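Residue-level structural notes
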Number of protein chains: 2
Amino acid sequence: MIGFEHHNHADCISTSVEAADNYCRTAGLQLTPARRRVLEILLGEHRALGAYDILEILAKNGFAAQPPVAYRALDFLVKHGFAHRIERLNAFVACAHPGIEHDPSFLLCRICDAVAEAQSDAASGRLGKVAETTGFKIERAVVEAVGVCPNCRGET
Amino acid sequence: MIGFEHHNHADCISTSVEAADNYCRTAGLQLTPARRRVLEILLGEHRALGAYDILEILAKNGFAAQPPVAYRALDFLVKHGFAHRIERLNAFVACAHPGIEHDPSFLLCRICDAVAEAQSDAASGRLGKVAETTGFKIERAVVEAVGVCPNCRGET
DNA sequence: TGTTGATATGTTATACTATAACGATTAGCA
DNA sequence: TGCTAATCGTTATAGTATAACATATCAACA
Ligand SMILES: [Zn+2]
Ligand SMILES: [Zn+2]
Ligand SMILES: [Zn+2]
Ligand SMILES: [Zn+2]
């Protein structure tokens, strides 16, 4: 599972940025320098980063250091599916399946903060059934499992 | 589903407070005035309230108006299962099944802010399987479905 | 009874997260 | 070119949460 396993991380980054690039060109979206840089920053880690963590890195990269700079880029990335917001952490993570329509769920390690993305089936599982019989229309499901990742087993 | 349907709400409150009372007596916990009042406030609404909403009401009830007053009471209620935190809303809701061991999930209406609590099976569903094969140990699952409740269907 | 340790409260200050607002600039297109 | 929408720069402020420390309460128990 990407996020917990060793892998060729440089590939991980370059293919995702390239995918975002292509998608934006096709869809008429602007992957501006700040947006691209934030995506790269997120891709650099398989964990969630807070907006202010990102802002700090942006500042070192010569971008303005005001919160809206980070939030605007993050809003763009989340809106177009290049990144996801982790509600539990008030933080953001790069999407592991960019360009593919999906309904993400997450495994969050409380020890090392690693994040892995999986597919969600909340809307079709038990909760979906409850919603259906109740007449509730699910538009989006936040599914975030908190626990201990394989690398941290045995460490408290 | 409690939260979306009409029901005898006075009962809803009194039985839950009584249950909390009994549980605390048995478990040697102190349901102090502030804690009890916060529980009553939460029970008064089938929706999530922010800590500062609660603080405001506490202040009108003669309690001190500093954030820790609300947060401490909420921490107690959440810790002992009388209330739940809704990550998506940075807010809190009274538990609909106090005293029963459970793993809650929520249906959140984005129109009227009503909240309904259901059982979660995230740890035993698809995500649970992924976690198991990965070696990730799920300790807790945040499951919050955002959508439109039966009472708000047809209103946007 | 008096000590002690655990729990709860009062209070001040501060940290962290997020958005409003508005003017300047730029990109894309008729 | 001129128009329009999108983006960016910047300041200010709103909203959420916790650190820290002093005080108070209460039960266990020597
Ligand atoms: Zn990688
Ligand atoms: Zn994704
Ligand atoms: Zn509950
Ligand atoms: Zn509703």
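First things first, this report covers the structure right here in the doc. The model shown is predicted, which means the values in this text are computed figures rather than measured ones. (Residues numbered from 1 in each chain as written. Chains lettered and ligands numbered in written order. Predicted model: local features only at pLDDT ≥ 70, side-chain atom pairs only at ≥ 80, totals over all residues. Heavy atoms only, no water.)

1. Looking at helix H1 (residues 9-27) of chain A
Residues and elements named next belong to chain A. Rule in force here: Where helices and strands are cited, they refer to DSSP runs of H or I of at least four residues and of E of at least two residues respectively, numbered from the N terminus. Multiplying 1.5 Å by the helix residue count minus one yields the expected span of that helix. Note on classification: 1.4 Å probe, protein chains only; a residue is buried when its accessible area is under 20% of the maximum for its type, exposed when over 50%, partly exposed between these limits. Arc, as used here, means the arc of the directions from the helix axis to the C-beta atoms. Contacts: residue pairs with any heavy atoms within 4.5 Å of one another. Nitrogen and oxygen atoms within 3.5 Å of one another constitute a polar contact, given that in protein one can donate a hydrogen and the other can accept it, and given that sequence-neighbouring residues count only through two side-chain atoms.
For H1, spanning 19 residues, the distance from its first C-alpha to its last is 27 Å, which sits close to the expected 27 Å at 1.5 Å a residue. Where H1 is concerned, the buried positions are Cys-12, Ser-16, Val-17, Ala-20, Asp-21 and Cys-24. Down the axis of H1, the smallest arc covering the buried residues is 155°, so these residues share one side. Counted as exposed and oriented over 90 degrees from the buried face of H1: Ala-10, Glu-18, Arg-25 and Thr-26. Against helix H2 (33-43) and helix H4 (67-79) lie the buried residues of H1. Backbone nitrogen of Ala-10 and a side-chain oxygen of the N-cap are separated by 3.2 Å at the start of H1; the cap is Asn-8. Looking one or two places after H1, you find Gly-28, whose phi comes out positive at around 75°.

2. Digging into the relation of the copies chain B and chain A
The criterion, for reference: Copies overlap after least-squares fitting; the atoms used are the C-alpha atoms of residues with pLDDT of at least 70 in both.
With an RMSD of 0.1 Å, the fit of chain B onto chain A corresponds to turning through 180° and sliding 0.0 Å along the axis. Expressed as a symmetry operation, the mapping of one chain copy onto the other fits a two-fold axis. When C-alpha positions in chain B are compared against the rotation axis, the closest is assigned to Val-143 of chain B, at 2.3 Å. Most of the interface of chain B is mirrored in chain A: 100% of its interface residues are interface residues there too.

3. Some words on the protein's contact with DNA strand D
What counts, and what does not: If even one non-hydrogen atom of a residue comes within 4 Å of a molecule or strand, that residue is called near it. Gly is placed with the polar residues, together with every amino acid not listed as nonpolar (Ala, Val, Leu, Ile, Met, Phe, Trp, Tyr, Cys and Pro) or charged (Asp, Glu, Lys and Arg).
Around DNA strand D, 13 residues are found, and the nearest of them are Thr-32, Gln-66 and Arg-72 of chain A together with Tyr-52 and Arg-85 of chain B. Looking at DNA strand D alone, sugar and phosphate atoms form 43% of those within 4 Å of the protein. Within the side chain of Thr-32 of chain A, an N or O atom sits 2.8 Å from a phosphate oxygen of DNA strand D. Interatomic distance of 2.5 Å between a side-chain N/O atom of Arg-85 of chain B and a phosphate oxygen of DNA strand D. When residues of the surface near DNA strand D are traced back to their parent elements, those giving at least two are H4 of chain A together with helix H4 (67-79) of chain B. Looking at which element gives the most residues to the surface near DNA strand D, the answer is H4 of chain B, with four residues. In the surface near DNA strand D, the residues fall into five nonpolar, four polar and four charged.

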